[in-house]
Amino acid sequence: MGWGLLTMRYFAVTWILIMSTAGALYFYSRTRLPRVSIALAGLTALLIAEKTPAFSWHAFTDMMIVLIIIATLWALERPSARRLALVGVMAALATLARMPNVVAVPLLVLVMCIRGSYSGEWRRMWVLTGVMLAACAATFAAVVTAVFGSPAAYVAAVKGALPTNHAPLELVSVIYTTFIKWSPYWAVVALGAVGAMLGARIWPRPRAAVAISMAVAAYIGLTLADYVFDYYFRLIKYYQLGMLLSALAYILIKARRAGGRDVRLQVLAIVLLMTVPVAGSNTGLIRIPSAALYPVAAAVALPWLSRRACIYAACVAAAMLAYLGVRTLTVSYEDAGSLFATQTVGHPRLEGLRTEEERAADISELIALMPPAGSAERFATAYTSTYYGYLAYYLADVWPTICAHEWRRVAMHTDSAQVAECMDFVATAPRPLRVIFKPDDRLAGDADPLRLALEAASPDSVAVTPRYRAYLYR
């Protein structure tokens, strides 16, 4: 049956440990503070664990972007062919993990050109940038040839697997909506963080303590709002990103006054490269690995921070950990928390994992409707839950004939264009074909265009469970 889902989560743990350890080592290399480095490693591991529940292209991308940023900062300190070649190799691996990550390459070229511009080493930096690009191209070509046989075969495979709802204009729309919808949170986070930092630096000690307490209280208030409005998956990440951006802005202000040109370039490199995971995603700024970059930002910021600002940051970090600890016990992304995840599902690829009772029953029904192992039937899903769509193909051990992620998750059952796309597939797909359909709870059976269309296509049989319907076309 191949790798189980638990094994894939072990991979995710590996990426988490690599990210947190790499950031802590970079912090130690610049500060020589072993205890603080160890504390930062533990802090970032716990903060990013919530965002990385299993191995995926996103998890690997986060790890590679963190490593690319660290390698880039290392190369900017003392540019050399070896250091730039390492950056190129990492950029190639990131692109191979997820094609949109290729945007890291022109961003790296831009950073290196700026480095050459203000240092007066134009010719040398052009040569070193060429080394970086050559290493990137060579690594990419070698891996693609080893896995696919040729670059042309790789290009054909990528074209056949592109989703249809991740267009650049949609990404712009998602980011715009992010800033509009979450503007109050951005304002509270940014102003609260910067204000408390400045207050802790300027005010007398008792008032600084009050400012720190108020900042932590504001964070707790945001977490309570999170509970009320159920924004858990997004809100905690926006808070982490707000903290990161506030720290980077603080560094820029301080460095500008002190003439820290190298520091400003380092901040620019961090900001540009941390946005790479946003490219090609339909989830916007959530994809930025904010918490994983805390040790890196701390290493750059430490020379400019006062002791009280550090105390404030430590207080907020403690509040984050306390909040995440409670949330991990009670709820997680698309599942129950560990206190309520008590049920298992009888499938070899799900051994060792627990989930909530409702989800266990849902997945068990899905497994019962899937084609038996070794069957010649084609298999497709037709419902809006992206996660369950992927899970069905994974448990059936088949490549997705058609994937739920290619449709927009909202109003898939009632959108005439998406219904027509689904039915075009049903009409032209080789037989036998099994289509598993999950009714939309908000629609009655006779008011669900997708269900009516599937039934109008004259299936040879229909299997019905409380949550699903499976249509078999021969």
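Calculation rules
- Residues numbered from 1 in each chain as written.
- Predicted model: local features only at pLDDT ≥ 70, side-chain atom pairs only at ≥ 80, totals over all residues.
- Heavy atoms only, no water.
- Salt bridge = Lys/Arg side-chain N within 4 Å of Asp/Glu carboxyl O.
- Buried < 20%, exposed > 50% of the residue type's maximum accessible area, 1.4 Å probe, protein only.
- Axes fitted to C-alpha atoms, helices over the stretch in contact; angles between N-to-C directions.
- Helix = DSSP H or I, 4+ residues; strand = E, 2+ residues; numbered from the N terminus.
- Parallel < 35°, antiparallel > 145°, perpendicular 65-115°, else oblique.
- Left-handed = near helix turned anticlockwise from the far one by under 90°.
- Contact = heavy atoms within 4.5 Å.
- Nonpolar A, V, L, I, M, F, W, Y, C, P; charged D, E, K, R; others polar.
- Phe/Tyr/Trp six-rings, centres within 6.5 Å; stacked < 30°, edge-to-face > 60°.
- Lys NZ or Arg CZ within 6 Å of the ring centre and 35° of its normal.
- Core = buried A, V, L, I, M, F, W, Y, C linked by side-chain atoms within 4.5 Å.
- Pairing = 2+ DSSP bridges.
- Expected span 1.5 Å × (residues − 1).
- Patch = residues over 30% accessible without salt bridge, like charges linked within 9 Å, V, L, I, M, F, W, Y side chains within 5 Å.
- Areas by Shrake-Rupley, 256 points an atom, 1.4 Å probe, with all protein chains shown as cover.
- pLDDT = per-residue confidence, 0-100.

Bringing the pattern of salt bridges into the picture now. Inspection of every chain in the model, using the stated rule, returns eight salt bridges. In this structure, Glu-121 engages Arg-115 in a salt bridge whose closest nitrogen and oxygen atoms are separated by 3.8 Å. Accessibility expressed as a relative area gives 10% for Arg-115, which makes it buried.

Viewed as axis vectors pointing N to C, helix α1 (residues 5–31) and helix α2 (residues 34–49) meet at an angle of 150°, and their least axial separation amounts to 8 Å. With respect to α2, the element α1 is oriented roughly antiparallel. For α1 against α2, the interelement crossing comes out right-handed. Contacts between α1 and α2 involve Ile-16, Met-19, Ser-20, Ala-24, Phe-27 and Tyr-28 from the first element and Pro-34, Val-36, Ser-37, Leu-40, Ala-41, Thr-44, Ala-45, Ile-48 and Ala-49 from the second. When its residues are assigned to classes, the contact of α1 with α2 shows 12 nonpolar, three polar and no charged.

Right, let's talk about the packing of aromatic side chains for a bit. As enumerated under the stated definition, the model contains six aromatic pairs in all. Between the aromatic rings of Trp-15 and Phe-60, the centroid separation amounts to 5.3 Å while the plane-to-plane angle is 75°, which identifies the pairing as edge-to-face. Residue Trp-15 is found in helix α1, and its partner Phe-60 is found in helix α3 (residues 57–77); the two are separated by 45 residues along the sequence. Here the aromatic residues Phe-11, Trp-15 and Phe-60 are joined through ring pairs into a cluster of three or more. Lying over the aromatic face of Tyr-28, Arg-32 brings its terminal NZ or CZ to 5.2 Å of the ring centre.

This part covers the nonpolar core. By size, the foremost hydrophobic cluster in this structure holds 72 residues, and its most contacted members are Ile-69 and Ile-270. Among the elements that line this core, the one with the most residues is α3, at 14 residues. When neighbours within four sequence positions are excluded, Ile-270 is seen to be in contact with Ile-69, Leu-73, Leu-248, Leu-293, Val-296 and Val-300. Listed in part, the 36 residues of the second largest apolar core include Leu-353, Phe-379, Ala-380 and Ala-429.

Before going further, it helps to examine the sheet that holds strand β3 (residues 378–382). Taken in spatial order, the four strands of this open sheet run β3-β4-β6-β5, and their pairing is mixed. The open sheet has two free edges, formed respectively by β3 and β5 (461–464), since each of these has just one partner strand. Across this sheet, the average inter-strand angle for adjacent strands is 20°, counted without regard to direction. Pairing analysis gives five bridges linking strand β4 (residues 433–437) to strand β6 (residues 469–473), with the strands arranged antiparallel.

Before going further, it helps to examine α1. The terminal C-alpha atoms of α1 lie 39 Å apart, and with 27 residues this matches the ideal 39 Å at 1.5 Å per residue to within 8%. Positioned one or two residues after α1, Arg-32 has a phi angle of 55°, which is positive.

Before going further, it helps to examine the packing of α3 against helix α5 (residues 104–119). Close contact between α3 and α5 brings their axes to 11 Å; oriented N to C, the two are set at 20°. Taken as axis vectors, α3 and α5 run roughly parallel relative to one another. Where α3 crosses over α5, the two elements pack in a sense that is right-handed. Within the contact between the two elements, α3 uses Ile-68, Thr-72, Ala-75, Leu-76 and Glu-77 and α5 uses Leu-108, Val-111, Met-112 and Arg-115. Looking at the contact of α3 with α5 residue by residue, the class counts come to six nonpolar, one polar and two charged.

Take the pairing of β4 next. With five of five residues buried, β4 lies mostly within the body of the structure. Sheet analysis places β3 next to β4, joined by five bridges and oriented parallel. Bridge pairing links Ala-380 to Val-435 in β4.

Side chains of Leu-93, Val-143, Val-147 and Phe-148 sit close together on the surface and give an oily, nonpolar patch of about 320 Å² of accessible area. At three residues, helix α6 (residues 122–148) tops the list of elements feeding residues into the nonpolar patch. In this structure, Phe-148 sits in helix α6.

Chain-level statistics for the protein give a pLDDT mean of 77 and a share of 68% at 70 or above. Low pLDDT (under 50) marks residues 403–410, which in the prediction has 29 contacts with non-local residues, meaning those over four places away or in another chain.

On to unusual backbone geometry, then. The residue after Arg-431, namely Pro-432, is reached through a cis peptide bond having omega 0°. Note on placement: Pro-432 falls in the loop between α17 (416–428) and β4. Despite not being glycine, Arg-32 has its phi angle at roughly 55°, a positive value. Among the secondary structure elements, Arg-32 is positioned in the loop between α1 and α2. Arg-32 sits in the exposed class, given a relative accessible area of 52%.

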